[in-house]
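# Reading the structure
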Amino acid sequence: MSSATDHAEESNYLNAKPGLMSWLTTLDHKRIGVMYLISILTAFFIAGMLAMLVRTELLTPGRTIVDPDTYNQFFTLHGAIMVFMFIIPGIPAALGNFVLPLMLGAKDVAFPRLNLMSWYLWVFGGVFAVVSMVTGAVDTGWTFYTPYSTDTSTSVINMTLGVFILGFASIFTGINFVVTIHKLRPAGMTWWRMPLMLWGLYATAIIQVLATPVIGITMLLLIAERTLGVGIFDPALGGDPLLYQHFFWFYSHPAVYIMILPAMGVISELISVHSRKTIFGYQAIALSSVAIAAFSFIVWGHHMFTAMSPMANMVFSALTFSVSIPSAVKTFNWLATLYRGHIRLNTPMLYALSFLFLFGIGGLTGLFLGTLAVDVHLHDTYFVVAHFHYVMFGGTVIAFLGGLHHWWPKMFGRMYNEGLAKLACFLIFIGFNITFMSQFIMGSLGMPRRYYDYIDAYGSYHVWSSIGAYIMAVGFFLTAGYLIHSLIAGKKAVENPWGAATLEWRTASPPIEHNFHETPDANYPYDYSVNRFNPDTGNYDHIGAPAQEDDDRAVGFHGHGLESTT
Amino acid sequence: MNLFVELVARLLGVTPAMASDNALRGLYLPPEASTSAGHIDWMFDVILWICIFFFVLIVVLMGLFIMRYRVKDPNAEGPRIYHNTALEVTWTAIPLGIVVVIFWLGFKGYMDLAVPPANAYEIQVTGQKWSWSFTYPTGHVDNVLHVPTDRPVTLIMTSTDVIHSMYLPAFRAKMDVFPGRYSKLWFDADEPGTYPLFCAEYCGTEHSSMISEVVVQEGPEFDEWLTVASNILATMTPEEGGKYLWEKRGCNQCHSVDGSAGIGPTFVNLFGAQRAFGDGTTTVADENYIRKSILEPQSQIVAGFDGVMPTFQGRFNDEELGAMIAYIKSLTSS
Ligand code: HEM
Ligand SMILES: [Cu+2]
Ligand SMILES: [Cu+2]
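Conventions adopted
Residues numbered from 1 in each chain as written. Chains lettered and ligands numbered in written order. Predicted model: local features only at pLDDT ≥ 70, side-chain atom pairs only at ≥ 80, totals over all residues. Heavy atoms only, no water. Patch = residues over 30% accessible without salt bridge, like charges linked within 9 Å, V, L, I, M, F, W, Y side chains within 5 Å. Areas by Shrake-Rupley, 256 points an atom, 1.4 Å probe, with all protein chains shown as cover. Salt bridge = Lys/Arg side-chain N within 4 Å of Asp/Glu carboxyl O. Helix = DSSP H or I, 4+ residues; strand = E, 2+ residues; numbered from the N terminus. Buried < 20%, exposed > 50% of the residue type's maximum accessible area, 1.4 Å probe, protein only. Near = heavy atom within 4 Å. Polar contact = N/O pair within 3.5 Å; in protein donor to acceptor, adjacent residues only side chain to side chain. Nonpolar A, V, L, I, M, F, W, Y, C, P; charged D, E, K, R; others polar. Domains from an automatic or database assignment. Donors = N, O, S within 2.8 Å, 3.2 Å for Na, K, Ca; no water. Phe/Tyr/Trp six-rings, centres within 6.5 Å; stacked < 30°, edge-to-face > 60°. Lys NZ or Arg CZ within 6 Å of the ring centre and 35° of its normal. Contact = heavy atoms within 4.5 Å. Tetrahedral: all angles 85-135°; square planar, octahedral: opposite > 155°, others 65-115°. 1 Å grid on protein atoms, 1.4 Å probe; cavity = no way out; pocket = protein on both sides within 12 Å on 5 of 7 lines; lining within 4 Å. Points joined across faces, edges and corners; volume = space filled by probe spheres on them. Pairing = 2+ DSSP bridges. pLDDT = per-residue confidence, 0-100. Expected span 1.5 Å × (residues − 1).

## What to know about a nonpolar patch on the surface
Residue and element names in this part refer to chain B. On the surface, a nonpolar cluster with roughly 610 Å² of combined accessible area is contributed by Trp 49, Ile 52, Val 56, Val 60, Leu 64 and Met 67. By the secondary structure assignment, Trp 49 is in helix H3 (residues 37-68). Residue Trp 49 is classed as exposed on the basis of its relative accessible area, which comes to 58%.

## Observations concerning the site of ligand 1
Residues and elements named next belong to chain A. Lining the immediate surroundings of ligand 1 are 24 residues, of which His 78, Trp 142, His 389, Arg 449 and Arg 450 lie closest. With respect to ligand 1, the backbone of Trp 142 contributes an N or O atom lying 2.8 Å from an oxygen atom. Contact between ligand 1 and His 389: a nitrogen atom at 2.8 Å from a side-chain N or O atom of the residue. Those elements giving two or more residues to the shell around ligand 1 turn out to be helix H2 (29-57), helix H3 (68-103), helix H13 (382-412) and helix H15 (459-489). Here the element with the most residues in the shell around ligand 1 is H3; it accounts for seven residues. Of the residues assigned to the shell around ligand 1, the class counts are 17 nonpolar, four polar and three charged.

## Observations concerning the domain arrangement of chain B
Entries for chain B in the domain assignment read domain 1 (2-114), domain 2 (121-229) and domain 3 (237-330). One C-alpha centre belongs to domain 1 of chain B, the other to domain 3 of chain B; they are set 52 Å apart.

## What to know about the coordination of the copper ion (ligand 2)
For the copper ion (ligand 2), every protein donor is listed as A:His253 (ND1), A:His302 (NE2) and A:His303 (NE2), and the spread of their distances is 1.5 to 2.1 Å. A relative accessible area of 4% means that A:His253 is categorised as buried.

## Re the packing of aromatic side chains
One pass over the full model with this rule turns up 70 aromatic pairs over all chains. Measuring from ring centre to ring centre gives 5.4 Å for A:Phe124 and A:Phe128, while their planes differ by 90°; the resulting arrangement is edge-to-face. Linking A:Phe124 with A:Phe128, this pair stays in helix H4 (residues 112-131), spanning four residues, or about one helical turn. Judged by relative accessible area, A:Phe124 falls into the partly exposed class, the value being 47%. Residue A:Phe128 is classed as partly exposed on the basis of its relative accessible area, which comes to 23%. Plain terms: the ring middles of A:Tyr244 and A:Phe248 are 5.9 Å apart, the flat faces sit at 20° to each other, and that makes the pair stacked. Highlighted residues: A:Tyr244 and A:Phe248, both in helix H8 (residues 241-274), separated by four residues, approximately one helical turn. Exposure remark for A:Tyr244: the relative accessible area of 0% places this residue in the buried category. Its guanidinium or amino end placed over the ring of A:Trp23, A:Arg31 lies 4.2 Å from that ring's centre, counting from NZ or CZ. Taking NZ or CZ as reference, B:Arg249 lies 5.1 Å from the ring centre of B:Phe316, over its face.

## Section: the environment of A:Tyr351
Residues and elements named next belong to chain A. On the secondary structure map, Tyr 351 appears in helix H11 (residues 347-370). The class for Tyr 351 is buried, based on a relative accessible area of 1%. On a C-alpha basis, the gap between Tyr 351 and Pro 310 in space is 41 Å, while along the polypeptide they are 41 residues apart.

## Things to note about the environment of A:Phe233
Looking at where A:Phe233 falls in the secondary structure, it is placed in the loop between helix H7 (196-228) and H8. Ignoring any residue separated from it by four or fewer positions in sequence, one finds A:Phe233 in contact with A:Thr146, A:Thr218, A:Leu221, A:Leu222, A:Glu225, A:Gly239, A:Asp240, A:Pro241, A:Leu243, A:Tyr244 and A:Phe247.

## Observations regarding the coordination of the iron atom of ligand 1
Residues and elements named next belong to chain A. Within the first shell, the iron atom of ligand 1 binds the protein through His 78 (NE2) and His 389 (NE2), at distances of 2.0 to 2.1 Å. For the iron atom of ligand 1, the six donor atoms in the first shell make angles of 85 to 179° at the metal, a pattern classed as octahedral. Within this pair, whereas His 78 is found in helix H3, its partner His 389 is found in helix H13, the two being separated by 311 residues in sequence. With respect to burial, His 78 and His 389 carry one shared label: buried.

## Overview of the layout of surface pockets
Residues and elements named next belong to chain B. One number sums up the size of the second largest pocket: a volume of about 750 Å³. Lys 129, Trp 130, Thr 205, Asp 306 and Val 308 are the residues nearest the centre of the second largest pocket, which is lined by 24 residues in total. A class-by-class count of the residues in the lining of the second largest pocket yields eight nonpolar, 10 polar and six charged. No fewer than three residues from each of domain 2 (121-229) and domain 3 (237-330) sit in the lining of the second largest pocket.

## Notes on the interface of chain A and chain B
The interface of chain A with chain B comprises 113 residues on the first partner and 88 residues on the second. Here chain A is connected to chain B by two salt bridges. The closest approach of N and O atoms between A:Asp527 and B:Arg80, which form a salt bridge, is 2.9 Å. At the junction of chain A and chain B, the tally comes to 26 residue pairs in polar contact (both at pLDDT 80 or more). Counted by class, the side of chain A that touches chain B contains 63 nonpolar, 31 polar and 19 charged residues.

## Focus: empty space enclosed by the protein
Residues and elements named next belong to chain A. Across all of its chains, the model carries nine cavities of 30 Å³ or more by this definition. Space inside the largest cavity adds up to approximately 1100 Å³. In terms of lining residues, the largest cavity is bounded by 46 residues, among which Gly 362, Gly 363, Gly 366, His 387 and Val 391 are the most central. Empty space within the second largest cavity amounts to approximately 580 Å³.

## A look at unusual backbone geometry
Residues and elements named next belong to chain A. Cis rather than trans, the peptide bond between Thr 146 and Pro 147 has omega equal to 0°. Along the chain, Pro 147 turns up in the loop between H4 and helix H5 (148-151). For Asp 380, which is not glycine, the phi torsion reads 60° and is therefore positive. Here Asp 380 is to be found in the loop between helix H12 (372-378) and H13.

## Examining the sheet that holds strand S8 (residues 183-187) of chain B
Residue and element names in this part refer to chain B. Ordered in space as S3-S2-S1-S5-S8, the five strands form an open sheet in which the pairing is mixed. Looking at the sheet topology across the chains shown, the edges are occupied by strand S3 (141-142) and S8. Pairing of strand S1 (residues 121-128) with strand S2 (residues 131-135) involves five bridges; the strand directions are antiparallel. Within S2, the residue paired with Gln 124 across the bridge is Thr 135.

## A look at the confidence of the model for chain A
Residue and element names in this part refer to chain A. Of the residues in chain A, 95% have a pLDDT of 70 or more, and the chain-wide mean is 89. The low-confidence segment residues 1-8 (pLDDT under 50) makes eight contacts with residues lying over four places distant or belonging to another chain. In the model, residues 547-566 has pLDDT below 50 throughout and makes 40 contacts with residues more than four positions away in sequence or in other chains.

## Here we look at the pairing of strand S9 (residues 193-199) of chain B
Residues and elements named next belong to chain B. Extensive coverage of S9 is indicated by the burial of five of its seven residues. Pairing between strand S6 (residues 164-168) and S9: two bridges, direction antiparallel. Directly across from Met 166, in S9, lies its bridge partner Cys 199. Two strands pair when backbone bridges link them, and S9 and strand S10 (residues 212-217) are joined in this way by five bridges, in the antiparallel orientation. Across the sheet, the residue bridging to Leu 197 is Ser 212, located in S10.

## Overview of helix H14 (residues 418-444) of chain A
Residue and element names in this part refer to chain A. For H14, spanning 27 residues, the distance from its first C-alpha to its last is 39 Å, which sits close to the expected 39 Å at 1.5 Å a residue. Where H14 begins, the side chain of Asn 417 points an oxygen toward the backbone nitrogen of Gly 419, at a separation of 3.0 Å. Note on H14: the residue one or two positions beyond its end, Gly 446, has a positive phi of about 110°.

The following block contains the structure:
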């Protein structure tokens, strides 16, 4: 292995080939990952600004800055862009693309061309979706419920075509990951020795491939109804509006797990690495990802409790609760991993801990919504808005940020300013809780969602919520600032600054174009005896094959290993 | 500066409010005004405490571990605790048991909500962009929901356009309202007062103004109100009656009586005027024209407006049509 000093001159994937064209035609998964990263962050910025406009409008009841139609377009675009362009591709296509082959010790994904194609489809679909902002932005909410979406005069077709195309981008990523994980694992990496990030990506990819076609077809049917007047969903044309909701949620509920499973994968890595302790309950975490993926297909009806028959409701309520168990199990596993670890409170770890806190709230408040009698009151109120932000933002976005900070040195070969990073993490955490905690309260007090105007009883909660949003915005701008600064003037990163044992840390930072000089040997990914800290370089030097299974069973747990060293 | 003062006042919760606003103030759940609200709130509290317990458990453990197990030596590795079957079975089984109980309680509570009692008092509800209308057994139509305390009430609901949702937070009751089919919502109000009523399913521009009130009255008081309301036109001149209908039937959402254009044309100086339509034809607005505009609004679309007016076929009787026409006539200055 090359040491930290002599690859300073060696070329890496960022500078190996110069020029914009070399990027736009690249087949390198790392470059595609970076291109995806820039793209989804752009989407996040646009949608985030729309969120600020939404919150500003809601500072006072009645008109604050815009009229109701514009407001309706704001929240629709905010939701649609966040969901379809940021959070669904987010972790898999940006971070996943970058780390997946590296974690396998492979040169690339199985189908590099398909990978590039996926990015182009994202851009193409994204253009459709965003152009609709100019051509009379959609005002249907990101769910496009019929018959409203059949009737409204706004550019539903543009947006739904965009979603259709973005769906293919997602399917392509999924196919690629499934095949790559099946075919390109190195010698020695059995399924039970795969890093949990890969288990997360694998479970996600399965859902992407199986569920996404359904949204594609649904969008096409909606377009057919709007353009050709075929009656499918609109009762005025002889269709059934509930059918649309079934179709839509048949995809969009699993999509929620497309968002959260990779996040759970990231968290498993962060917690283990930054407490330098093997993950607790490896198999339970891996299998619960698969269990969640499977269950996710049979709970869609919980979005329609105020629309379906009591019998259907009962079944969906029961199934919904079944999904909560694997998530709870994972949370306990992460906590147990912290126990007796050597916890490093750096930025990635702070994000991981924020995740436990916020996702905990998000998950637990799901219990209210799964409970039929209580959901009747809470459905379509701000309680739901708060719940899904705790899950999607507090869960996925926070994990994404944690992962971004964790792999940043690997991706760009630079360290960021740790003090500013912690400050930003803190601002985001505080702002987030102010924003969405007040939404839980006003929601249970009855404030409906997608409301431009509201009665005075909810006034103070809305003001708090907006203040929290502004605090978060400061945190995000700060993050953008120090990350960009690090690219230009950040301290050079060593090969393995965190002492992680997964394979992506066994190559230079940033990696060379073909990832590795020689294929690294795979070991159990959470065995930290494979590297030692070098105080002179700040690197954790790889010191070869892992030590024999040592015996720490005296702790009172009766642990037995997963044949980690054989 | 004004905005700033207002925001600070709002933050402190010192804002002016209508009476019905106060009906939704509370610590975290609005006051209860129906017989099922108590049970639902009880369930809410049960779940809340379960959540608080687990959340505190997670955060306390996390806090303890962070404080006790901080890194000191960069090479030290935590003990290889791979898993622990007893512990894992426990922390799977306990949550499983808890969710089974929660599910069952929630399902039972829901069945009570879902099945209306046979003897319930029925009120027909129509949702349309962006108002509600309530038709009582006497034929009286109102835009405010009045209900008695001494009997269960079933709302039989449908929509003339898109999906809406009837939401009565003080009763903890909600049900989607579809075009082309009927859905039912029942409750038994037990606390006289006035409470807000919302549309909870997004339905376009004025979704957030599709709110009304539910007035809960003691049985005899309700009966008296209904008798008076049902015969109200008899106590008024036709013009007054028309004005009353303009307000109660939601024409005021779209048609002004002060000359300003809204979503629809103003009623001022409408009668007798020359009307031009989108298809190029014209006509003079006489009694028949107004009648037709109310019953078949799509037949002729006034130039410069969208054909968004819902039909009022079946919701206006001859007496009411007469009153409406008389009122519109009275708005033409001769
Ligand atoms: C920057 C912080 C954010 C703020 C302040 C914010 C705020 C809001 C607000 C006020 C609404 C409107 C709720 C309503 O009227 O029903 C909303 C809706 C929504 N948000 Fe966010 N949000 C933020 C970030 C996110 C993120 C990161 C995601 C997802 C990844 C997201 C996904 C959504 C979705 C799906 C909707 C629903 C849109 C709809 O009703 O059609 N938001 N958000
Ligand atoms: Cu769902
Ligand atoms: Cu509505």
